[in-house]
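# A look at the structure
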Amino acid sequence: MSHPTRAPRARRVVWILLFGALVALRLPAMVEPAGSIVQLGFGPNIIPGELSFAVARVASSGTPDVFFDGDGQAVVTFPEESLTGNSDIARLDDGRYVIAGSSHGTVADPEAGLAMLLSDGSLDVSFDGDGFVIADFAEFDDEDWDGVAIDDAGGIIVAGATQSPRVGVVARYLTSGAVDAGFGTNGATLAPFEEQSE
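Here the structure is a predicted model, which means the values were calculated and not measured. (Residues numbered from 1 in each chain as written. Predicted model: local features only at pLDDT ≥ 70, side-chain atom pairs only at ≥ 80, totals over all residues. Heavy atoms only, no water.)

## Overview of the side chain of Glu 32
- Structurally, Glu 32 can be placed in the loop between β2 (21–31) and β3 (37–42).
- Dropping the residues within four chain positions of it, Glu 32 is found in contact with Val 38, Arg 57, Arg 91 and Tyr 97. (Helix = DSSP H or I, 4+ residues; strand = E, 2+ residues; numbered from the N terminus. Contact = heavy atoms within 4.5 Å.)

Right, here's the structure in full:
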């Protein structure tokens, strides 16, 4: 079974001021089989000091898709976290969306996170009980997801890296939000990166 998850895709570059530093963010977009365009971006600060992320869906006509959360945009903030970053989005065959990124208490303390939305833009609370999964792998700390894809079996494949130690990570989740313990070691495969020298 093929999955039209990864193409065609584009990334829009947005500059934001984050904790006093100017940061370039490459926000993914994808075109769905029916022609709708789905774009990741940042939402309003629903709670002071929090940065939420948004998923927008535009109909093939170029107008906001009002069937998606009522106005064409869904805004999501990870629970109990002050900064949310999104890196990538994928679409399951049943029309749900999984968003991969990071959920931070601070910029220096990232945790890899996933969120699942239903096709109408609402949070899928059947995904790990509340719509969110924060990575919890004992082997490493300070992780961040950079990409997500759906494999031919319908599993959620995420890839990213950690900071301490510096390790590349590929993990597989089930659509229930549970880690696929049969993938790699306890659901993840670790690949150390060589430290770069100037």
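## What about the nonpolar core?
- With 20 residues, the main nonpolar core has Val 98, Leu 114, Trp 145, Val 148, Ile 156, Val 158 and Tyr 173 as its most contacted residues.
- For this core, the elements supplying multiple residues, two or more each, are β7 (97–104), β8 (110–117), β10 (141–150), β11 (156–164) and β12 (167–173).
- The biggest single contributor to this core is β12, with four residues.
- Formed by 15 residues, the second largest nonpolar core is a distinct cluster that contains Leu 40, Phe 68, Leu 117 and Phe 132. (Core = buried A, V, L, I, M, F, W, Y, C linked by side-chain atoms within 4.5 Å. Buried < 20%, exposed > 50% of the residue type's maximum accessible area, 1.4 Å probe, protein only.)

## Considering the confidence of the model for the protein
- Per-residue confidence for the protein averages 76 on the pLDDT scale, and 65% of its residues sit at or above 70.
- Note on residues 1–25: pLDDT is under 50 here. Beyond four places in sequence and across chains, it has 63 contacts. (pLDDT = per-residue confidence, 0-100.)

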